[in-house]
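Listed here are the chains, written in short residue letters.
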Amino acid sequence: MTTKSIQSVNAFVVKFANVNGSGSASANELFAKAILRMGVPVSPRNIFPSNIQGLPTWYEVRVSESGWLGRRGGVDLMVAMNPQTWDQDVKEIDPGGYLFYDNTKALPQSKFREDINVVGLPLTEIVNQAYSDPRQRQLFKNIIYVGALSALLNIDPLVIAELIGEQYKGKEALLKPNLNALQLGRSYALEHLKCPLGIRVRPLKGEANAVGDKIFVEGNAAAALGCVYGGATVCAWYPITPSSSLAEAFQKYCSKLRVDKESGKNKFAIVQGEDELASVGIAVGAGWNGARAFTATSGPGISLMQEFIGLAYFAEIPLTIIDVQRGGPSTGMPTRTQQSDVIKCAYASHGDTKHVLLFPEDPYECFEMAAQCLDLAERLQTPVFLMTDLDIGMNQRLCKPLVWDDSRAYDRGKVMTAAMLDSGKEFGRYLDVDGDGIPFRTYPGTHPSKGGYFTRGTSKNAYAVYSEQGADYKANMQRLLKKFETAKTLVPKPVLSASKEPARFGAIFYGSTSPAMAEALEELTRQGIYINALRIRSFPFQDEIFDFVASHSKVFVIEQNRDAQLKTLLVNDAGINPASLISVLHYDGTPITARYIMAEIVEIVAALNVRPLVKKDKAA
């Protein structure tokens, strides 16, 4: 080891470098969950290839007693199990950090760094001595290094054993070999290595438990459950990373919660279309027929859905679209994360369109907002987008428990009933009767002779009669704008995080940027840079956003795309002076980090010649 080493308890980052298809995923998850069971918050992230078995994959675990869940940036311990990525992996380790590797075969000194601590363990040798089957050697090698890490990082082996027992419950033939492999690694480390390292886990028990009642769940699973509780009975989808697991989770939950107990019949329909266009068409048809329906997709799917999105907008049909955003266009970086579909979804389809967008920050809001999207789609009779992304959707995240009020009634919006029609109520399918821009609709078969209409995506008058008269077209388009104004009163409002001291600067952010932003704001405060922050949760934008920008000399807009898409929307739709906005952009496909946000803001503040406000020590 070097003379210097990182010393930290319950606050460090471990990164596993593996090969896709090697069986390492379950072992790495076992490592993260064991620390979680010890009362210490963790935030794991899978970084995996979009191609076939054999390519590099990484699993990064942030351990944070303070509860920070965003990517920090940097690595304190690299578990280097992939020779192909060795140079890249070693480069990522912070000075004073640790490199754990298989030293069965000696490596030249040039493969190491002088400013890191090297921890070698002959994994291949141990595995070859203990197992003869090639597949067992590959799989148990992962459990052996978890065992060694339990000694090096002071992780309770009984907790890991308990997790293994849960994983292989009812499969005793697999349980014992895994426990033996765990002990092999732990015993070797305790006997041959200095344990624990400078970074280690200290269990937090009782009131000190920093995990508390929080749950550990993926955003896609939480959104799927939100759709179930929100009343969705139809899901139409086409497989696409990173949204596929959402539809699969919806099917799993429906099989448990949406089956008639007496007849055994399903009370739901899940249809895999031949492509994304067919899938959204099925969802539109179901929504027109009165069912609550949604589709889940990603950026390329949104591109293919454009024509049906336009039909739903102009024909005013409820539609919920969950967009799990990913990196790059087409097949660009399907297993990387970005916030790159914001403008595409806000103005999706042809003609003059504007759509409602909701931006969840974590799995809890994925659950809450998925249900809210279904309400909004019916209330507003329009497409509504839930804008999540891969970082939230496909990674397990700590969040507060999901809560549902069983007395909550679904908002079905303005639906004309047979009784209303018989009472003489005037029905015009696109008639605004009360000034909110939202007309009444009827379900198919509502009345034998009244309330019928042609569903038109083409131009029409207030009574759904085909018309190419300029006045009819303009009146309808103005009413749709009025409906969009009404949406402002219904969508989630932004959340303000006020600085402890008067702040000249503001910051606007949204979605998965939230955890890294919260940490960056605290560190900036320690450096004497005070910033008020506003988390945007929806589009259309409310007046609070305009007021927030107007009250600061400059406002940073932090987002994960190249083209400053949220900033563009703020200028175009909120009427904000672009000169007052400063973009902080991150778009390499990895989740944004607190370190990145801090570095960008500190540099910009320095360039603006603003001196940080630092309180003087009274004792000085």
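Residues numbered from 1 in each chain as written. Predicted model: local features only at pLDDT ≥ 70, side-chain atom pairs only at ≥ 80, totals over all residues. Heavy atoms only, no water.

Caption draft 1: Summary view of the overall build of the chain. Along the backbone of the chain there are 20 helices and 22 strands. Reported as C-alpha extents along the three principal axes, the dimensions of the chain are approximately 90 × 70 × 45 Å. Relative to its 620 residues, the chain shows a buried fraction of 55%. Restricting to contacts in the chain with at least 6 residues of sequence separation, those with at least 24 account for 75%. Accessible surface, the chain as shown: approximately 26,600 Å² in total, 52% of it carbon and sulfur. Side chains of the chain carry 66 positive and 65 negative charges; the gap between the two charge centres is 2 Å. (Helix = DSSP H or I, 4+ residues; strand = E, 2+ residues; numbered from the N terminus. Buried < 20%, exposed > 50% of the residue type's maximum accessible area, 1.4 Å probe, protein only. Contact = heavy atoms within 4.5 Å. Areas by Shrake-Rupley, 256 points an atom, 1.4 Å probe, with all protein chains shown as cover. Lys, Arg positive; Asp, Glu negative; His and termini not counted. Charge placed at Lys NZ, Arg CZ, Asp CG, Glu CD.)

Caption draft 2: Focus on the side chain of Gln 560. Turning to its location among the elements, Gln 560 is positioned in the loop between strand E21 (554-559) and helix H19 (565-574). Overall, Gln 560 belongs to the buried group, its relative accessible area being 2%. Separated by 3.0 Å, the side chains of Gln 560 and Thr 513 make a polar contact. In this structure the side chain of Gln 560 is engaged in a polar contact, spanning 3.2 Å, whose partner is the backbone nitrogen of Ile 592. Apart from the residues within four sequence positions on either side, Gln 560 is in contact with Thr 337, Gln 338, Gln 339, Ser 340, Ser 512, Thr 513, His 586, Thr 590, Pro 591 and Ile 592. (Polar contact = N/O pair within 3.5 Å; in protein donor to acceptor, adjacent residues only side chain to side chain.)

Caption draft 3: Spotlight on the sheet that holds strand E17 (residues 495-497). If you walk across this open sheet you meet the 5 strands as E17-E19-E18-E21-E22, and the pairing is mixed. Each edge of the open sheet carries a strand with a single partner, namely E17 and strand E22 (581-585). Looking at each pair of strands side by side, their axes are set apart by 25 degrees on average, direction ignored. The pairing of E21 with E22 spans 5 bridges and is parallel. Across the sheet, the residue bridging to Phe 556 is Ile 582, located in E22. On the sheet, H19 packs against strand E18 (505-510), strand E19 (531-536), E21 and E22 and is oriented at approximately 135 degrees with respect to E21. Packing against the sheet, helix H20 (residues 594-607) makes contact with E18, E19, E21 and E22, and its axis sits at approximately 145 degrees to E22. (Pairing = 2+ DSSP bridges. Axes fitted to C-alpha atoms, helices over the stretch in contact; angles between N-to-C directions.)

Caption draft 4: Summary view of the packing of helix H4 (residues 134-152) against helix H6 (residues 172-192). Viewed as axis vectors pointing N to C, H4 and H6 meet at an angle of 45 degrees, and their least axial separation amounts to 7 Å. As the angle between them shows, H4 and H6 are arranged oblique. Viewed along their axes, H4 and H6 form a crossing whose handedness is right-handed. On the side of H4, the interface is formed by Phe 140, Ile 143, Ile 144, Val 146, Gly 147, Ala 148, Ser 150 and Ala 151, while H6 contributes Pro 177, Asn 178, Ala 181, Leu 182, Leu 184, Gly 185, Arg 186, Ala 189 and Leu 190. Tallied by class, the residues present in the contact of H4 with H6 amount to 12 nonpolar, 4 polar and 1 charged. (Parallel < 35°, antiparallel > 145°, perpendicular 65-115°, else oblique. Left-handed = near helix turned anticlockwise from the far one by under 90°. Nonpolar A, V, L, I, M, F, W, Y, C, P; charged D, E, K, R; others polar.)

Caption draft 5: Structural context of H20. Spanning 14 residues, H20 covers 20 Å between terminal C-alpha atoms, matching the ideal 20 Å at 1.5 Å per step. Considered for burial, the residues of H20 that qualify are Ala 594, Ile 597, Met 598, Ile 601, Ile 604 and Val 605. Seen from one end, H20 has its buried residues packed into an arc of 140 degrees, which puts them on one side. Facing away from the buried side of H20, by more than 90 degrees, are the exposed residues Glu 603, Ala 606 and Ala 607. Against E18, helix H17 (514-526), E19, E21 and E22 lie the buried residues of H20. (Expected span 1.5 Å × (residues − 1). Arc of directions from axis to C-beta.)

Caption draft 6: View of the side chain of Asp 391. Examined against the element boundaries, Asp 391 turns out to sit in helix H14 (residues 390-393). Exposure remark for Asp 391: the relative accessible area of 2% places this residue in the buried category. Among residues more than four places away in sequence, those in contact with Asp 391 are Arg 45, Thr 337, Arg 397, Ser 512 and Pro 591.

Caption draft 7: Structural detail: the state of the cysteines. Taken as a whole and judged by the stated rule, the model has 0 disulfides. With no disulfide of its own, Cys 227 lies closest to Cys 235 among cysteine sulfurs, the gap being 7.6 Å. Free cysteine Cys 399: the closest other cysteine sulfur is in Cys 366, separated by 8.8 Å. (Disulfide = S-S within 2.5 Å.)

Caption draft 8: Representation of helix H5 (residues 157-167) within the structure. All buried positions along H5 are accounted for by Val 159, Ile 160, Leu 163 and Ile 164. The buried residues of H5 all sit within an arc of 140 degrees when viewed along its axis, so they share a single face. At its buried positions, H5 is contacted by helix H1 (24-37), H4 and H6. The distance from a side-chain oxygen at the start of H5 to the backbone nitrogen of Leu 158 is 2.9 Å, and the residue carrying that oxygen is Asp 156.

Caption draft 9: Expanded view of the packing of H1 against H4. Put simply, H1 and H4 touch, their axes get as near as 9 Å, and they point 20 degrees apart. As far as their axial angle goes, H4 and H1 are roughly parallel. Crossing hand, H1 versus H4: right-handed. Residues Ser 24, Ala 27, Asn 28, Leu 30 and Phe 31 of H1 form the contact with H4, whose participating residues are Asn 142, Ile 143, Tyr 145, Val 146 and Leu 149. For the contact of H1 with H4, a count of residues per class yields 7 nonpolar, 3 polar and no charged.

Caption draft 10: Structural detail: the packing of aromatic side chains. Using the criterion set out here, one finds 17 aromatic pairs in the structure. Both rings, one in Phe 16 and one in Phe 31, keep their centres 5.1 Å apart while their planes meet at 75 degrees; by these two values the pair is edge-to-face. Taken together, the residues Phe 16 in strand E2 (residues 11-19) and Phe 31 in helix H1 connect sequence positions 15 residues apart. The same class applies to Phe 16 as to Phe 31, namely buried. Ring plane angle 85 degrees and centroid distance 5.8 Å describe the contact between Trp 86 and Phe 112, whose orientation is recorded as edge-to-face. With a gap of 26 residues between them, Trp 86 in helix H2 (residues 86-92) and Phe 112 in the loop between strand E6 (93-102) and strand E7 (117-121) connect regions that are remote in the sequence. (Phe/Tyr/Trp six-rings, centres within 6.5 Å; stacked < 30°, edge-to-face > 60°.)

Honestly, it's all geometry; don't read function into it.
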